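# Per-entry structural report
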Amino acid sequence: MSTRLVTFTLDGRLFGVEVNAVQEVLRGQPQTRIPLAPDSVSGLINLRGQVLSAVELRARLGLPDRDADHEPMLVVVRVAGETIALLVDSIGAVMDVDDDQFELPPDTLSGPSREFLHGAYKLDSQLLLALDVDRAVAA
Amino acid sequence: MDEIDEIVQEFLVESHENLDQLDRDLVALEREPGSRDLLGSIFRTIHTIKGTSGFLAFGQLESVTHVGENLLARLRDGKMSMSPQTTDVLLAMVDTVRDLLATIEQTGGEGDTDVSVVVGHITAILDGKAPEPVAAPAPEPVAEPVVDLVPEAPVVPALVPVAQAPVAAEPVVEHEDPVHRRTVADSSIRVDVDLLDTLMRLVGELVLTRNQIVRQAGDQQDVDLMRSSQRLNLIASELQEGVMKTRMQPIDNLWSKLPRVVRDLGANCGKQVSLTMVGKETELDRTLLEAVKDPLTHLVRNGVDHGLESPEDRVAAGKPAEGVLTLRAYHQGGQVVVEVSDDGAGIDSEKVAAKAVERGLRTQAQIAQMSPTDVLQLIFVPGFSTAAAVTNVSGRGVGMDVVKTNIEGIGGTIEVESVVGRGTTCRLRIPLTLAIVPALTVECAGDRYAIPQVSLLELVSLDADRAANAVEDINGASVYRLRGTLLPLVRLAEVLGVESDRSDGHVVIAVLQAEGKRFGLVIDRVLSTEEIVVKPLGSQMKAIGTYSGATILGDGRVALILDVQALARRVLNADALELDDTDDHDTRAVTAESLRLLVAGLGGGRKVAIPLSSVTRLENFDQSAVERIGNREVVQYRGGILPVVRLNNYYGAISDREGDELVVVIYTVGDRSVAIAVDEIVDIVDENTEFHAEVTDHGVLGSTLVRDRIVEVLDVRAAILSADPTFYTASDEFDAELQETM
């Protein structure tokens, strides 16, 4: 059995989300900030007439902020009937991974990164972290 | 078509649909003659038509369907079996029925259609006689053989579902527009609601794109582009209107259920009620219709249960025994107004006021400054119920406050009017549609926000000079004097926790109304008014509660829509609640009863007003007379010991007073007194106490205008408690403590 993932990077790490959950991938869009919103929601974007919340994955996963001059990429996902844009550093590829490469997050991992990960795929060159999108974007 | 009763029209649409089904069933029946299911289905259809036609007094139709039904019943019960003859007569019957329906549709009556031939044929079969053979065998139910059967029919019958052509060709029936007439069945179709919602959404997009193009075209000098964009503008507007209309339903869909509710309720309460409805045809967006269903039903129940009196009481009051409940709906200024009126006893605003005070919802002081109309609106405040006893009719946990919340939830408003002895009217104002709303776009800290027009009363712009004078500060809470009334101000930038970029001292105020209160929202700039399409916000943002949605502006950027109701609750009620917690009704009652106020000056030019009724004396003490007991200051006065409250300390002000004299106000409650130290006594006034705004702060009961300046009214109780927590409990602890020290 293999799983098809869309991969992207965050702070030098490789992450993946299931391809079925991904609607599209696009370049940074102008955002409208939302005062009083939780930190991880960085703003609202207009995707062809649809208003989407943009979730800053770095903030969500407890990673340091992105450089101001680095334009984020958007991974638009559909979660529980809602369309949400995930802000990531860069887009990788669509990748097939074998289930026997999969391993649950190590017990030593704690905090948001454990909570929001399904686990990791041990690729030859590096680890591919499988993001639990439902949890990562849950309010 | 106007002359046709609505009920007949519905019957026609339904019957046409049923007949199409019948045709298919009959054809299928020929292939499997014994099918009970098919026979049952056909039987039911004919039975329905027969029943309704009898009810509507279409005798011919009834007689045809009656014999048809008999035949079908026998076939269904297996007493007869299908033969080509029976199929033929059944088809002939269906055609006759169709003709009759067409005639009814055209003329409103059955005309002189002769049904005796068909009836005769069917009766013959029922009697077991073979009827004269009907035309050639008809394997498919096409029109020809049937025409032969019923040559008397004035309309050429057609079995194909679309009956346009034959009707159009109808030469006999006279009508204003005989050529382009469509049958009822053809002029209406059933459309999936989801499809309509999708259409509505698309039109929303179009409106947004239109806004963008119109804006861009305005920036350019291209005349052709201008012209096209204007056309686009018009077409998009018309399309929007058209699509919105498809979602419109007459309010009668809702009202039609109410006569029964009123009847049952009247019988339950022993009241005689007649229900009149005006403006049944007024149309509303279907989602809104759904949303007002419960509130409206509740208002109607309330009207019968509480509004109308018993027949005896009514007769005693010189009114007819039968009460009248009136529902009225009409369009007004882009909104739909729905009124529920009764001619009952009315609501006594004084009783409402007393109740509100009793329940602790408002203070006597607040009531005193409200107009009777405003007092009536208190029935919508949570925790208020006018029914002395909870009846099983009303009082099911759905109070007027829920009605109000529901109505405000869809951007509507509710108000109540009443004349004692004459009746009560509840008036709902509901927007025509939820999806597209007119809004004001404003700027704050560089971001744009939309404020729905329904909450907006007016805009006030003050230049730096005027703002400096007109915007006054009460302990950090700003107010603006709008035509003599104090308008509490809320700074949007502060609410949102952002940095306003307006530094030139100009103040722009959007005067808003929500939850029955007015307040001014201070914004940086007003941009424009436009129609916005409301987009829902994601689940993460629902919890914030400050925004009711988002929209896309003309330039494609997203703007948040401010939830004015939530803002009002967040900013205004918080203060009111605070007040309730710290205050006692007795103290407030004093404020209202005694219109005279003692105005005292404090450090920093601040002025406070103290209700005069409890002030016993004004005294000057030497500073050296102040002694300390523990950490409290006291003075000896007329053989007693008074705690000293230094108002400057209480308000965190620094006294400007020099010298050794202490100016005190002796304030007495019961047998206990307190000395309130101030900087100076300014004045005693007994005017303008009706100006009482909801701007409150720590230790302030409210504010009033004295000689055109805003003066805070001291919350005496809280001030005294800060110096002596036991003052009002009259405990002996303090005395004991004093004696020990002495």
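Residues numbered from 1 in each chain as written. Chains lettered and ligands numbered in written order. Predicted model: local features only at pLDDT ≥ 70, side-chain atom pairs only at ≥ 80, totals over all residues.

### With respect to the overall build of chain B
Cut-off, in case you're wondering: The numbering of helices and of strands both runs from the N terminus, where a helix is a DSSP run of H or I of at least 4 residues and a strand a run of E of at least 2. For the exposure call, what matters is how many other C-beta atoms sit within 10 Å of a residue's own: 20 or more marks it buried, 12 or fewer exposed, and in between partly exposed, using C-beta atoms placed from the backbone. Here the contact rule is simple: place C-beta atoms from the backbone, and any two residues whose C-beta atoms are within 7 Å are in contact.
Helix and strand content of chain B: 26 helices and 29 strands. Looking at chain B as a whole, 38% of its 742 residues are labelled buried. Sequence-distant contacts, at least 24 apart, represent 66% of the contacts inside chain B between residues at least 6 apart.

### Looking at the overall build of chain A
Assigned secondary structure in chain A consists of three helices and 11 strands. In chain A, the succession of helices and strands from N to C terminus is β-β-β-β-β-α-β-β-β-β-α-β-β-α. For chain A, buried positions account for 34% of its 139 residues. A separation of at least 24 residues holds for 56% of the contacts in chain A among residues at least 6 apart in sequence.

### A closer look at the interface of chain B and chain A
Which entries qualify depends on this criterion: When residues are sorted by character, Ala, Val, Leu, Ile, Met, Phe, Trp, Tyr, Cys and Pro go into the nonpolar class, Asp, Glu, Lys and Arg into the charged class, and all the rest, Gly among them, into the polar class.
Between chain B and chain A, the residue contacts involve 21 residues of the former and 18 residues of the latter. Going through the elements one at a time, helix H9 (193-219), helix H21 (539-542), strand S17 (547-552) and strand S18 (558-562) of chain B are the ones with two or more residues in the side of chain B that touches chain A. In terms of residue class, the side of chain B that touches chain A is built from 11 nonpolar, six polar and four charged.

### Focus on unusual backbone geometry
Non-glycine residue Asp11(A) carries a positive phi angle of around 50°. With respect to the helices, strands and loops of the structure, Asp11(A) is situated in the loop between strand S1 (2-10) and strand S2 (13-18). The backbone of Ala445(B) shows a phi angle near 55°, a positive value even though the residue is not glycine.

### With respect to the sheet that holds strand S22 (residues 627-629) of chain B
Residue and element names in this part refer to chain B. The test is simple: Strand pairing requires that DSSP identify at least two bridges connecting the strands. Only the contacting stretch of a helix is used when fitting its axis, a line to C-alpha atoms as for every element, and angles between N-to-C directions run 0 to 180 degrees.
Pairing is mixed in the open sheet, where six strands are placed in the order S21-S25-S26-S24-S23-S22. This sheet does not close on itself; its edge strands, each paired only once, are strand S21 (615-622) and S22. For this sheet the average axis-to-axis angle between neighbouring strands, irrespective of direction, equals 40°.

### A short note on helix H15 (residues 349-358) of chain B
All names here are of chain B. Inclusion rule: For this quantity, the arc is that covered by the directions from the helix axis to the C-beta atoms.
Buried within H15 are the following residues: Ser349, Val352, Ala353, Ala356 and Val357. The buried residues of H15 occupy one face: seen down the axis, they fall within an arc of 130°. For H15, the exposed residues lying more than 90 degrees away from the buried face are Glu350, Lys351 and Glu358.

### A few points about the sheet that holds strand S14 (residues 507-514) of chain B
Residue and element names in this part refer to chain B. Here six strands make up an open sheet; going across it, the order is S10-S14-S15-S13-S12-S11 and the pairing mixed. Of all strands in the sheet, those bounded by a partner on one side alone are strand S10 (456-462) and strand S11 (471-474). Pairs of neighbouring strands in the sheet enclose a mean axial angle of 35°, with direction left out of account. Two elements, S10 and S14, share six bridges in a ladder whose sense is antiparallel. Bridging from a neighbouring strand, Leu459 pairs with Ala510 of S14.

### A closer look at the packing of helix H1 (residues 6-31) of chain B against helix H2 (residues 36-55) of chain B
All names here are of chain B. Here is the rule: Each angle receives one of four descriptions, namely roughly parallel if under 35 degrees, roughly antiparallel if over 145, roughly perpendicular if within 65 to 115, and oblique otherwise. Left-handed describes a crossing whose near helix is turned anticlockwise from the far helix by less than a right angle; the clockwise case is right-handed.
Remark: H1 packs on H2, axes separated minimally by 9 Å, with the N-to-C direction vectors making an angle of 155°. Overall, the two elements H1 and H2 adopt an arrangement that is roughly antiparallel. With respect to the hand of their crossing, H1 and H2 are arranged in left-handed fashion. Residue-level inspection shows Phe11, Ser15, Asn18, Gln21, Leu22, Asp25, Leu26, Ala28 and Leu29 of H1 in contact with H2, the latter providing Leu38, Leu39, Ser41, Ile42, Thr45, Thr48, Ile49 and Thr52. Looking at the contact of H1 with H2, its residues break down into nine nonpolar, seven polar and one charged.

### A word on the nonpolar core
Our working definition: In this usage, the nonpolar core is the set of buried Ala, Val, Leu, Ile, Met, Phe, Trp, Tyr and Cys residues whose C-beta atoms join them within 7 Å. Those domain boundaries reflect an automatic or database domain assignment.
In terms of nonpolar packing, the biggest core is built from 84 residues, with Leu86(A), Ile451(B), Leu521(B), Val522(B) and Leu562(B) touching the most fellow members. Per-element tally for this core: the top contributor is strand S8 (residues 436-444) of chain B, with six residues. Counting the residues that make up this core, at least three belong to each of domain 2 (193-246) and domain 4 (436-577) of chain B. Ignoring any residue separated from it by four or fewer positions in sequence, one finds Leu86(A) in contact with Val55(A), Leu57(A), Leu74(A), Val75(A) and Val77(A). Counting residues in hydrophobic clusters, the runner-up holds 42 residues, among them Ile251(B), Val300(B), Leu325(B) and Val336(B).

### Considerations on helix H5 (residues 116-126) of chain B
Residues and elements named next belong to chain B. Listed in full, the buried residues belonging to H5 are Val118, His121, Ile122 and Ile125. Buried residues of H5, seen end-on, are gathered within an arc of 90° and therefore sit on one face of the element. For H5, the elements touching its buried residues are helix H3 (59-76) and helix H4 (84-107). Remark: Gly128 follows H5 within two positions and exhibits a positive phi of approximately 90°.

### Things to note about the pairing of strand S25 (residues 661-669) of chain B
Here is the key point about a regular strand: its side chains alternate between the two faces of the sheet. Residues and elements named next belong to chain B. In the sheet, S21 pairs with S25 via seven bridges, with the strands oriented antiparallel. Among the inter-strand pairings, Val615 is bridged to a residue of S25, identified as Tyr667. Here seven bridges tie S25 to strand S26 (residues 672-678), and the two strands are oriented antiparallel to one another. Looking at the pairing, Val665 lines up with Ile676 of S26.

### Considerations on the confidence of the model for chain B
Residue and element names in this part refer to chain B. In plain terms, the rule: pLDDT expresses how confident the predictor is about each individual residue, on a scale running from 0 to 100.
In this model, chain B carries an average pLDDT of 75, and 79% of its residues clear a pLDDT of 70 or more. Here helix H23 (residues 585-593) stands out as the least confident element of chain B, with mean pLDDT 36; strand S9 (residues 447-452) is the most confident, with 92. In this model residues 133-180 is a low-confidence stretch, pLDDT under 50, and it forms 75 contacts with partners more than four residues away in sequence or in other chains. Low pLDDT (under 50) marks residues 387-398, which in the prediction has 16 contacts with non-local residues, meaning those over four places away or in another chain.

### Some points on the packing of helix H13 (residues 286-307) of chain B against helix H18 (residues 400-409) of chain B
If you want to describe how two helices pack, look at the angle between their axes and the distance between the axes. All names here are of chain B. Interhelical geometry of H13 versus H18 gives an angle of 150° and a closest axis separation of 9 Å. With respect to H18, the element H13 is oriented roughly antiparallel. Remark: the crossing between H13 and H18 carries left-handed chirality. Contacts from Ala291, Asp294, Pro295, His298 and Leu299 in H13 reach Val403, Asn406 and Ile407 in H18.

### Quick look at the environment of Ile532(B)
Residues and elements named next belong to chain B. Relative to the helices and strands, Ile532 is located in strand S16 (residues 525-533). For Ile532, a count of 28 C-beta atoms within 10 Å puts it in the buried group. Taking C-alpha positions, Ile532 is 9.2 Å from Leu440, a pair spaced 92 residues apart along the chain. Ile532 has contacts with Val437, Ala439, Ala450 and Thr551, leaving out every residue within four places of it along the chain.

### As for the environment of Asn268(B)
Among the secondary structure elements, Asn268(B) is positioned in helix H12 (residues 258-269). For the pair Asn268(B) and Asp305(B), spaced 37 residues apart in sequence, the C-alpha separation works out to 9.2 Å.

### Observations regarding the environment of Ile189(B)
Its place among the elements puts Ile189(B) in the loop between helix H8 (184-187) and H9. Measuring from C-alpha to C-alpha, the distance between Ile189(B) and Val13(B) comes to 9.5 Å, with 176 residues separating the pair along the chain.

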